[in-house]
Amino acid sequence: MGANLTAGGRVIGDCLECPFHGWRFRGHDGRCTHIPYTEKIPEIAKTKSWPVMEINRHIYLWYHAECADPYWFPPELEDITNGNWNYKGRTEHVINAHIQEIPENGADVVHLAQVHGPCIIGGIDLRHMYSQLWDFIKHEWQTDWRPQPAPDNHVTKLNLKHRPQLFGYKVPYMDFNVSARQIGPGIVYLEFETLFWKGAYLQSLTPLEPLMQRLTHVMYASWKLPGFIGNIFLIGEAMQVERDIMIWNNKQFVNKPLLVRSKEDEMISRYRRWFSQFYSENSPRLKFQKETLEW
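All values derive from a computational prediction rather than experimental measurement.

How each quantity is defined
Residues numbered from 1 in each chain as written. Predicted model: local features only at pLDDT ≥ 70, side-chain atom pairs only at ≥ 80, totals over all residues. Heavy atoms only, no water. Helix = DSSP H or I, 4+ residues; strand = E, 2+ residues; numbered from the N terminus. Buried < 20%, exposed > 50% of the residue type's maximum accessible area, 1.4 Å probe, protein only. Contact = heavy atoms within 4.5 Å. Areas by Shrake-Rupley, 256 points an atom, 1.4 Å probe, with all protein chains shown as cover. Lys, Arg positive; Asp, Glu negative; His and termini not counted. Charge placed at Lys NZ, Arg CZ, Asp CG, Glu CD. Salt bridge = Lys/Arg side-chain N within 4 Å of Asp/Glu carboxyl O. Phe/Tyr/Trp six-rings, centres within 6.5 Å; stacked < 30°, edge-to-face > 60°. Pairing = 2+ DSSP bridges. Axes fitted to C-alpha atoms, helices over the stretch in contact; angles between N-to-C directions. Core = buried A, V, L, I, M, F, W, Y, C linked by side-chain atoms within 4.5 Å.

## Comments concerning the overall build of the chain
Then, in step 1: Across its full length, the chain carries five helices and 14 strands.
Then, in step 2: Taken along the three principal axes of its C-alpha coordinates, the chain extends 75 × 55 × 40 Å.
Then, in step 3: Taking all 295 residues of the chain together, the buried fraction comes to 37%.
Then, in step 4: Partitioning the intrachain contacts of the chain with sequence separation of at least 6 by distance along the chain shows that 50% fall at a separation of at least 24.
Then, in step 5: When the accessible surface of the chain is split by element, carbon and sulfur atoms take 56% of a total near 18,600 Å².
Then, in step 6: Across the chain, the mean location of the 32 positive side-chain charges is 1 Å away from that of the 33 negative side-chain charges.

## Re the pattern of salt bridges
When the charged atoms of two side chains with opposite charge come close together, those side chains can pair.
Then, in step 1: Following the criterion strictly, the structure yields 12 salt bridges and no others.
Then, in step 2: Its salt-bridge partner being arginine 24, residue glutamate 17 comes within 3.0 Å of it at the nearest N-O pair.
Then, in step 3: Judged by its relative accessible area of 13%, glutamate 17 falls in the buried class.
Then, in step 4: Residue arginine 24 is classed as partly exposed on the basis of its relative accessible area, which comes to 24%.
Then, in step 5: In this structure, glutamate 191 and arginine 181 form a salt bridge, with 3.0 Å as the shortest nitrogen-oxygen distance. Placement of glutamate 191 in strand β12 (residues 187-193) and of arginine 181 in strand β11 (residues 176-183) is noted, with a sequence separation of 10 residues between them.
Then, in step 6: Linked through salt bridges whose partners overlap, the residues forming this network are Arg10, Glu17 and Arg24.

## Regarding the packing of aromatic side chains
To describe a pair of aromatic rings, you give the distance between the ring centres and the angle between the ring planes.
Then, in step 1: In this structure the tally under the stated criterion is 16 aromatic pairs.
Then, in step 2: Centre to centre, the rings of tryptophan 62 and tryptophan 72 are 5.5 Å apart; their planes meet at 70°, and the pair counts as edge-to-face. Of this pair, tryptophan 62 sits in the loop between β6 (58-61) and α1 (78-81) while tryptophan 72 is found in the loop between β6 and α1, placing the two residues 10 residues apart along the sequence.
Then, in step 3: Aromatic pair tyrosine 271 and tryptophan 274: ring centres 5.5 Å apart, planes at 50°, arrangement tilted. Here tryptophan 274 and tyrosine 271 lie together in helix α5 (residues 263-275), a separation of three residues that amounts to about one turn. Grouping residues by exposure puts tyrosine 271 and tryptophan 274 together as buried.
Then, in step 4: The structure contains a cluster of three or more aromatic residues connected by ring pairs, namely Trp145, Tyr271, Trp274, Phe275, Phe278 and Tyr279.

## A few points about the sheet that holds strand β3 (residues 24-26)
Through backbone hydrogen bonds, the strands of a sheet pair up, either in parallel or in antiparallel fashion.
Then, in step 1: Ordered by their spatial adjacency, four strands build an open sheet running β1-β2-β3-β4, and the pairing between neighbours is antiparallel. Of all the strands in the sheet, just β1 (10-12) and β4 (32-34) have a single pairing partner and so form its edges. When the angles between neighbouring strand axes are averaged without regard to direction, this sheet yields 40°.
Then, in step 2: Here β1 pairs with strand β2 (residues 15-17) via three bridges, running antiparallel. Its bridge partner lying in β2, isoleucine 12 is registered against cysteine 15.

## Some words on the nonpolar core
Then, in step 1: The biggest cluster of nonpolar side chains holds 40 residues, and the ones touching the most others in it are Phe192, Leu202, Met219 and Phe233.
Then, in step 2: Here this core gets five residues from one element, more than from any other, and that element is β12.
Then, in step 3: The residues touching leucine 202, leaving out its near neighbours within four places in the chain, are Asn56, His58, Tyr60, Leu77, Ile80, Val188, Tyr189, Thr216, His217, Val218 and Tyr220.
Then, in step 4: Membership of the second largest hydrophobic core comes to eight residues, among which are Ile102, Leu215, Val241 and Ile245.

In structure tokens form, the structure reads like this:
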């Protein structure tokens, strides 16, 4: 009758019990196996089931427009599994953008200096972050992005080095190195290392409806990382993301953008060729876009 099985539903053995009337649906095929007020279960009593995988304290669901079986899987981060890294917190944002826009940032190296170069104390509003008050503090970024060869051709890797500068001089002991792996179209592992601590942000991108995505970052790090430092890392990451969100929420997705002949824009072209593998013949397409104001 339309109830949401995730809102109050219970796991009973290998079944999920509906919170509304107590019907139970088997996990691997979605078939109803129990109705508490009748013994006869109709053959058509079933719901859609999806391949799922529990790893790194996350549950991932596989979706394919042609219902193909999974042909790649998220890798395990052993430091999370064995408890070397503990949960430190999470951030969540809902973004009005095409799903490809968000992970494409990893290959868009030019935007790092433009959007994330000004001091984080300048805030998240792009109109006001270029304040002379904080101009003596800057963020310097060095990047190296590349897709991985088969059999990991569903993965890209980004090496990112963050160097804060004070009055034009590098600040010692404040380097922040990130090794980011994008796995498929919606998962990114951002493993970071500082002089004192190691950890990871697990980024997940979930479509909510056309042109609306939920972006979450869950942070795990060594138990040696003090709680208040972990909070600073989470707040800093969220503020940098919110600078991007101001752009994503106010731009359109351009399928064939104008790019110039440069190694920076070539990276974007390479990224788009790589991402195209995740579209298929029956991938949903929006057809209500208007090119003029005559509507």
